[in-house]
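# Structural characterization, general
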Amino acid sequence: MRFLLIFHFLLLVIFSASAEPVLDYRLNPVQVAEDTYVFIGKKEDFSFENGGNIVNTGFIVTTEGVVVIDTGPSYQYGLQMRRAINKVTSQPIIKVLLTHHHPDHILGNQAFSDVPIYALPGTVNLIKRDASAFLDNVFRMVGDWMQGTELFDEIIPLLDERELIGGHDLTYISMDGHTGGDLIILDETTGVLFAGDLVFHNRALTTPHAEPDKWKASLRRLNEMEYKIIVPGHGEIAEDKLPIMQTLEYLIWLEDKISESVEMGLDMNEVLESQIPERFQSLSILQHEFARSVIHRYPVYEEKLFNKQ
Ligand SMILES: [Zn+2]
């Protein structure tokens, strides 16, 4: 009996040791249109619990191969994304497009190092400038999920152009405002628009590298565009203009609030305690992102005011 118990114990140790180290993002591609799939992330900030899976990435299966849009927050995410894509199609991955330089969109690049990776010229420069600091930050926030993640910044500059790939008519449009380079991908064949982080849906937007006037102009331009389905960088997929208007309205309110507060002589702590209007209360992690935005944007308006005086 005792021997049997020891044997069971040993089995348990062997089993748990082999089952333990894999952190699984459970990536499940959601089909949003013909040949078009999205991995939908949580409407949260980086945490150990979510491993940084807070972003929407996607792919288009063409007859010439697969076009991937954004690579996610870590090497493991990129690898698991490839595995999930392979379950949908046996086509090879022929191209990766990065919407912008933020870590949740690019730190999976390394898993695609055998594929040409493209981004807007502004994004290429920003990756060179910021990506190594992003890597340190994300390691701190999500820990083990980052195992094996290294910087991969061999990115090819992409220009505004239209190209036909395997039966899909893709238009690449260069915009900015969320960062210094925000790529829009419109698949004219399916009507799917990948908006990157110019558009957040039911989740408060982020502003660490924002230029709000440019961002508002980009959103107004997006609002004029025709599409059937919009894939925001964060939040639910939609068939209407609602995510664009929601992002624009919150951005306008946020900037007005902070600039007026600075003009009125409020200090940063007082601005942090501002009442956020009811109409934005349904946005996820609103208080958290509002506080981050005040920290980013208050000093900008303070400096403007100082220069006026
Ligand atoms: Zn972003």
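Computed from a predicted model, the values in this text were never measured in an experiment. (Residues numbered from 1 in each chain as written. Predicted model: local features only at pLDDT ≥ 70, side-chain atom pairs only at ≥ 80, totals over all residues. Heavy atoms only, no water.)

## What about the confidence of the model for the protein?
When pLDDT is averaged across the protein, the result is 93; 93% of the residues are at 70 or more. Every residue in residues 12-20 scores below 50 in pLDDT, and together they form zero contacts with partners more than four places removed in sequence or on other chains. (pLDDT = per-residue confidence, 0-100. Contact = heavy atoms within 4.5 Å.)

## Re the coordination of the zinc ion
Here the zinc ion is held by the protein donor atoms His100 (NE2), His102 (ND1), His178 (NE2) and Asp197 (OD), which lie 2.2 to 2.3 Å from it. Around the zinc ion, the four donor atoms are arranged such that angles at the metal cover 84 to 171°; this shape is classified as irregular. Going along the chain, you hit the donors of the zinc ion in the pattern H-x1-H-x75-H-x18-D. With histidine 102 in the loop between strand E5 (93-97) and helix H3 (103-106) and aspartate 197 in strand E11 (residues 192-201), this pair connects stretches of sequence that are 95 residues apart. Aspartate 197 gets classed as buried once you look at its relative accessible area, which sits at 2%. (Donors = N, O, S within 2.8 Å, 3.2 Å for Na, K, Ca; no water. Tetrahedral: all angles 85-135°; square planar, octahedral: opposite > 155°, others 65-115°. Helix = DSSP H or I, 4+ residues; strand = E, 2+ residues; numbered from the N terminus. Buried < 20%, exposed > 50% of the residue type's maximum accessible area, 1.4 Å probe, protein only.)

## Things to note about helix H5 (residues 212-224)
Helix length check: H5, at 13 residues, gives a terminal C-alpha distance of 19 Å against a target of 18 Å (1.5 Å per residue), a fit within 8%. Listed as buried for H5 are Pro212, Trp215, Lys216, Ser218, Leu219 and Leu222. Take H5 and look down its axis: the buried residues cluster within an arc of 160°, on one side only. For H5, the exposed residues lying more than 90 degrees away from the buried face are Asp213 and Glu224. For H5, the secondary structure elements touched by its buried residues are strand E9 (168-175), strand E10 (182-187), E11, helix H6 (242-263) and helix H8 (286-308). (Expected span 1.5 Å × (residues − 1). Arc of directions from axis to C-beta.)

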